[in-house]
Amino acid sequence: MSNEISKAQTYEILPGVSLTVLPSDRFKVGLFSFAFTLPLSPEDSYTRSLLLSVLRRGCENYPTLSHISRRLDELYATPYHVIDTVKGNCQYLGFKAELLENRYLLDDTDLCGEILSLMRQMLFCPLTEPDGLLCERYVEAEKKNAIDHIRSLQNHPSSYAMARFSDIFYENEPIRARLDDAEERICAITAEQLTATWRDMLRHAPIRCFYIGGMPPSDLVERVRSMMQKALAYVEREVRPIEQHCCVSHPWNAVRRVEETGREGQSHLILGFRSGVTVESEDYYAMTLCHEILGLSPISRLFVHVREAHSLCYSCSSVYRVERGDVMITCGISANNRELAERAILDQIAVLQKGEFSDAEWLAAKKSLIGGFRQMTDSTRSLFRYYELRALLGIEQTLEQSIERFEALTREDVIAAARKLRLELIYFRRGTGGAEEMGEEDAGDD
């Protein structure tokens, strides 16, 4: 068995249907995904997500979740997951499964073929009413589940604060529906509307499949082609091509401050920066290392200088959204530490922009970053995240080539990237008290 990972290759299976294959026989478990590609639409976001929840509830041959779970158990307990994500200017809806490689099967079960068949049935042959509409019982049950999930966010303060921050930060951009009217929108969704959305998706949405594993690409291409021909036999396809690309955020003219009050004990401070540097940009590598120094590595400046040295927060970390070029710094604090924490965070940004960090510091972050990328070769899920995004955006770059770009970075590259960070939103969600009033869940967020 080889440990080599070949270059990803994309095949056009049928008009509007593509398959990207990353051959590798180093894993016991491979991964296959199937997703429809839809242009971003805040108005349709909850409808689409609800549609996927209904489709996974049952199909003609397996009408309930119990039937589906029992079938998956028969197929070597294959893990099966929903795909509902935004990447760049598109929303992706579908399923992915982790497949035990054939050499580890105890019998002659065609595991890949059976899983492809199950995916086809769930996406193309869902359980319907006699009039052809999606199962009304499932629609109403999933509407309730969706509303319960939104309400449950308030029981996880850090997640709720980030959701509210995103509502404000992206208020003028087509990214996701807002929380403030989510329940009203979900309640208004009907089985007729959901069925129309499903049929429109089948007819017009491009389909992207992705596979990591040891199956020969030629065999998989024929399997997927056979599956899709059967699935689309009764669908009049008129694919609407979508140019998939990163969605650079639109800058504001000035820094905005927004404060809200919550019922939770801990307060949350989130600072949002625009950079314009996405995974498609030449400066992506430098910005990734800049982010590693700032808030990702074990010795990041946010952790060492804001949380540890000054004890200004219970947690402090950052997120770099590579498809939009935005960096968010979030921390859980006591309300009376707000100004000190904000100043300390901005000081760390200034250190990076002025190049006042040490050689040992940036070299350690560089080593940590490269080590993290190298570890991706040990996980199908990590490789999936890396190669799937680049396949969707048409970026032909192997993991090894990315590592080479990181290795070539200099201090000056990091400084130049840091200077692209522009503060645009300071969001503060004021809690009712400090650490002594936090529940166990909040106290463990850091």
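Here the structure is a predicted model, which is why all the values come from computation and not from measurement.

**Section: helix 11 (residues 338–354)**
Here's step 1: With 17 residues, helix 11 extends 24 Å from end C-alpha to end C-alpha; this agrees with the ideal 24 Å at 1.5 Å per step.
Here's step 2: Every buried residue belonging to helix 11 is among Arg338, Ala341, Glu342, Ala344, Ile345, Gln348, Ile349, Val351 and Leu352, and all of these are buried.
Here's step 3: Immediately downstream of helix 11, the backbone of Gly355 shows phi near 75°, a positive value.

**Concerning the sheet that holds strand 11 (residues 422–430)**
Here's step 1: Taken together, five strands build an open sheet; the order of strands is 7-11-8-10-9 and the sheet is mixed. Taken across any chain shown, the strands that pair with only one partner, and hence form the sheet edges, are strand 7 (256–261) and strand 9 (315–321). Pairs of neighbouring strands in the sheet enclose a mean axial angle of 15°, with direction left out of account.
Here's step 2: Pairing geometry for strand 7 and strand 11, over six bridges, is parallel. Pairing of Val258 across the sheet is with Tyr427, part of strand 11.
Here's step 3: Here helix 5 (residues 157–169) sits on the sheet and contacts strand 7, strand 8 (267–274), strand 9, strand 10 (326–333) and strand 11; the angle it forms with strand 8, its principal contact strand, is near 35°.

**Concerning helix 14 (residues 399–407)**
Here's step 1: The complete set of buried residues in helix 14 reads Leu399, Ser402, Ile403 and Phe406. Projected down its long axis, helix 14 shows its buried positions confined to an angular sector of 100°, all on one face.
Here's step 2: Elements that come into contact with the buried residues of helix 14 comprise helix 9 (284–296), helix 12 (359–375) and helix 13 (380–393).

**Quick look at the environment of Leu93**
Here's step 1: With respect to the helices and strands, the residue Leu93 is situated in strand 5 (residues 90–100).
Here's step 2: Sequence separation between Leu93 and Leu123 is 30 residues; the distance between their C-alpha atoms is 10.0 Å.
Here's step 3: Apart from residues no more than four positions distant in its own chain, Leu93 is found in contact with Phe34, Ala35, Phe36, Leu38, Arg48, Leu52, Ile83, Asp84 and Met201.

**Brief notes about the confidence of the model for the chain**
Here's step 1: Residues of the chain with pLDDT of at least 70 account for 95%, and the chain-wide mean is 90.
Here's step 2: Within the chain, the lowest mean pLDDT, 37, falls on helix 16 (residues 440–443), and the highest, 97, falls on helix 7 (residues 191–204).
Here's step 3: This model gives residues 434–446 a pLDDT under 50, and the stretch forms 20 contacts once residues within four places in sequence are excluded.

**Description of the packing of helix 3 (residues 111–124) against helix 8 (residues 217–231)**
Here's step 1: Two elements in contact, helix 3 and helix 8, have axes separated by 10 Å at closest approach and are oriented at 30°. When the axes of helix 3 and helix 8 are compared, the pair comes out roughly parallel. Crossing hand, helix 3 versus helix 8: right-handed. Between helix 3 and helix 8, the contacting residues are Cys112, Gly113, Leu116, Met119, Arg120 and Phe124 on the first element and Leu220, Arg223, Val224, Met227, Met228, Lys230 and Ala231 on the second.
Here's step 2: A class-by-class count of the residues in the contact of helix 3 with helix 8 yields nine nonpolar, one polar and three charged.

**Considering the side chain of Asp167**
Here's step 1: Locating Asp167 in the fold gives a position in helix 5.
Here's step 2: Residue classification places Asp167 among the buried positions, given a relative accessible area of 8%.
Here's step 3: In terms of polar contacts, Asp167 uses its side chain to reach the side chain of Arg164, at 3.2 Å.

**Section: the packing of aromatic side chains**
Here's step 1: This structure, assessed with the given rule, holds 14 aromatic pairs.
Here's step 2: Ring geometry for Phe34 against Phe124: centres 6.3 Å apart, planes inclined by 80°, an arrangement best described as edge-to-face. Residue Phe34 is found in strand 3 (residues 29–39), and its partner Phe124 is found in helix 3; the two are separated by 90 residues along the sequence.
Here's step 3: With relative accessibility at 0%, the residue Phe34 sits in the buried group.
Here's step 4: On the basis of relative accessible area, Phe124 is assigned to the buried category, the value being 9%.
Here's step 5: For the ring pair Phe373 and Tyr386, a centre distance of 6.4 Å and an interplane angle of 90° mean the geometry is edge-to-face. Here Phe373, found in helix 12, pairs with Tyr386, found in helix 13; they are 13 residues apart in sequence, far enough to count as distant. Of the two residues, Phe373 and Tyr386, both sit in the buried class.
Here's step 6: One aromatic cluster is present, built from ring pairs that chain together Tyr284, Tyr285, Phe373, Tyr386, Tyr387 and Phe406.
Here's step 7: Over the ring of Trp252 we find Arg256, and its NZ or CZ is 4.7 Å from the ring centre.

Here is what the cut-offs are and how they apply
Throughout, residues of each chain are indexed from 1 in the direction in which the sequence is written. Totals for whole chains, interfaces and linings use every residue, but because this is a predicted model, local features are given only for residues with pLDDT of at least 70 and side-chain atom pairs only at 80 or more, for both listing and counting. The side-chain figures draw on all heavy atoms in the structure; neither hydrogens nor water molecules are used. Helix numbering and strand numbering both begin at the N terminus, where a helix is a DSSP run of H or I of at least 4 residues and a strand a DSSP run of E of at least 2. Here, expected helix span is obtained from the residue count minus one, scaled by 1.5 Å. Exposed residues in this analysis have more than 50% of their type's maximum accessible area, buried residues have under 20%, and partly exposed residues fall in between, with area computed by a 1.4 Å probe over protein chains only. Being paired, for any two strands, means DSSP has found at least two bridges between them. Axis lines are fitted through C-alpha atoms, for helices just across the contact stretch, and the angle between N-to-C directions can take any value from 0 to 180 degrees. Contacts are assigned to residue pairs that have any heavy atoms within 4.5 Å of one another. Starting at the helix axis, one direction is taken to each C-beta atom, and the arc is that of these directions. As a per-residue measure, pLDDT tells how confident the predictor is, with possible values from 0 to 100. Any angle from 65 to 115 degrees is called roughly perpendicular, while one under 35 is roughly parallel, one over 145 is roughly antiparallel, and all others are oblique. The handedness criterion is simple: a crossing whose near helix is rotated anticlockwise from the far helix by less than a right angle is left-handed, and one whose near helix is rotated clockwise is right-handed. We call Asp, Glu, Lys and Arg charged. Ala, Val, Leu, Ile, Met, Phe, Trp, Tyr, Cys and Pro are nonpolar, and the rest, Gly among them, are polar. Polar contacts, as used here, are pairs of N or O atoms within 3.5 Å; protein pairs need one atom able to donate a hydrogen and one able to accept it. Residues neighboring in sequence count only if both atoms are side-chain atoms. Whether two aromatic rings pair depends on their centres lying within 6.5 Å, for rings of Phe, Tyr and Trp, where Trp uses its six-membered ring; planes under 30 degrees apart make the pair stacked, over 60 edge-to-face, and the rest tilted. We call a charge positioned over a ring when the NZ of a Lys or the CZ of an Arg lies within 6 Å of the ring centre and within 35 degrees of the ring normal.

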